[in-house]
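Structural overview
In case you want the letters, here they are:
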Amino acid sequence: MLLQIQGIISTISLLDLLDMVIVAFVLYKLYVMIRDTRALALLKGLIVLLIATVISKWLGLNVINWLLNKTMTVVLVALPIVFQPELRRALEQLGRGNLFKKSVFLDEQEQESLLEELGKAVAVLAKNKIGALIVLERETGLSDYIETGIKVDGLVSNEFLINIFIPNTPMHDGAAILRGSRIMAAGCLLPLTEDRSLNKELGTRHRAAIGITEQSDAAVVIVSEETGIISLARGGRLVRDLDAESLKEKIRPLFTSKNHTFGNFLNWRQYS
């Protein structure tokens, strides 16, 4: 056995090693790209089906194996449709040369500045019952939604955010999308959630916030125009009745966690 392993190793050239390293690197980058997105959950489901197919064949469960094989065929045909947003985003990033770039995080000073400006703006908007929808982009790119609005690409400030949502202005309706410490666009259109179990009191802003967080890993700050209540949506869930300080504590893990996780994003509850 040892001699066989040594024989195999002796046949591996430097080009073979380079080939394996490149493939491993590409697979890792693809994993990073789909991590914390719907695509990863779908990929896990596909792996479960594949494992079940192999086990059923090994155990001689012919009927189950036949059903699983047919299911796998349908799934493989449907994959390009299911993964269409992720495939399109990957091709766009590849064309722009961004596929293998390292994610850029805010440093501590930029983070605190963003949180301070965001907190001040939300407090003023809530006090005056000015409706607002502010999307914080994470790993999932939101370029498609940015293109539906008015391009801004300006540094975040509380005055800027407040002016965006002043009633009867061109950018009032729709969402402002933030990428890092910059406002990329305002007046953006977001997909509405299809969850029919939500409380009927939740308006279009809240449904749009939940909708975009169902399709991406973004976090969304909502200020109700009717009540002035501050809410935060993430992962298809909504937490309400926040103030400026508690809001900042909820979103701080966005910038402090190197693993892109919401370590302190606790006490979520679904309003239905």
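Here's a quick rundown of the structure. (Residues numbered from 1 in each chain as written. Predicted model: local features only at pLDDT ≥ 70, side-chain atom pairs only at ≥ 80, totals over all residues. Heavy atoms only, no water.)

The helix and strand inventory of the chain stands at eleven helices and seven strands. Going through the 272 residues of the chain one by one, you find that 41% of them count as buried. Residue pairs in contact within the chain that sit at least 24 positions apart in sequence constitute 61% of those at least 6 positions apart. (Helix = DSSP H or I, 4+ residues; strand = E, 2+ residues; numbered from the N terminus. Buried < 20%, exposed > 50% of the residue type's maximum accessible area, 1.4 Å probe, protein only. Contact = heavy atoms within 4.5 Å.)

Our next topic: a nonpolar patch on the surface. On the surface, a cluster of nonpolar side chains totalling about 710 Å² of accessible area is made up of Leu15, Leu18, Ile22, Val23, Phe25, Val26, Leu27 and Leu30. Along the chain, the position of Leu15 falls in helix H2 (residues 14–34). (Patch = residues over 30% accessible without salt bridge, like charges linked within 9 Å, V, L, I, M, F, W, Y side chains within 5 Å. Areas by Shrake-Rupley, 256 points an atom, 1.4 Å probe, with all protein chains shown as cover. Salt bridge = Lys/Arg side-chain N within 4 Å of Asp/Glu carboxyl O.)

Once that is clear, we can look at the packing of helix H6 (residues 108–127) against helix H10 (residues 244–251). The contact between H6 and H10 brings their axes to 9 Å, and the two run at 140 degrees. Relative to H10, the element H6 is oriented oblique. Considering only the axes of H6 and H10, their crossing is right-handed. Taken together, the residues of H10 that come into contact with H6 (itself represented by Leu115, Glu116, Leu118, Gly119, Val122 and Ala123) are Ala244, Leu247, Lys248 and Ile251. Along the lines of polarity and charge, the residues of the contact of H6 with H10 split into seven nonpolar, one polar and two charged. (Axes fitted to C-alpha atoms, helices over the stretch in contact; angles between N-to-C directions. Parallel < 35°, antiparallel > 145°, perpendicular 65-115°, else oblique. Left-handed = near helix turned anticlockwise from the far one by under 90°. Nonpolar A, V, L, I, M, F, W, Y, C, P; charged D, E, K, R; others polar.)

Looking now at the pattern of salt bridges. Taken as a whole and assessed by the stated rule, the structure comprises seven salt bridges. The partner of Lys248 in a salt bridge is Glu116, with the nearest N and O atoms 3.3 Å apart. With a gap of 132 residues between them, Lys248 in helix H10 and Glu116 in helix H6 connect regions that are remote in the sequence. Overall, Lys248 belongs to the buried group, its relative accessible area being 8%. Given the relative accessible area of 36%, Glu116 is considered partly exposed. Close ionic contact of Glu225 with Arg205 constitutes a salt bridge, the shortest N to O distance being 3.3 Å. Placement of the pair is Glu225 in the loop between strand E5 (219–223) and strand E6 (230–234) and Arg205 in helix H9 (residues 204–215), with a sequence separation of 20 residues. Connected through shared salt-bridge partners, Glu112, Glu249 and Arg252 make up one network.

Okay, the environment of His172 next. By the secondary structure assignment, His172 is in the loop between helix H8 (158–164) and strand E3 (175–179). Residues His172 and Gly131, spaced 41 residues apart in sequence, show a C-alpha to C-alpha distance of 8.4 Å. Leave out the neighbours within four places in its chain, and His172 touches Gly131, Ile164, Phe165, Ile166, Pro167, Arg205 and Glu225. A polar contact is formed between the side chain of His172 and the backbone oxygen of Phe165, at a distance of 2.8 Å. (Polar contact = N/O pair within 3.5 Å; in protein donor to acceptor, adjacent residues only side chain to side chain.)

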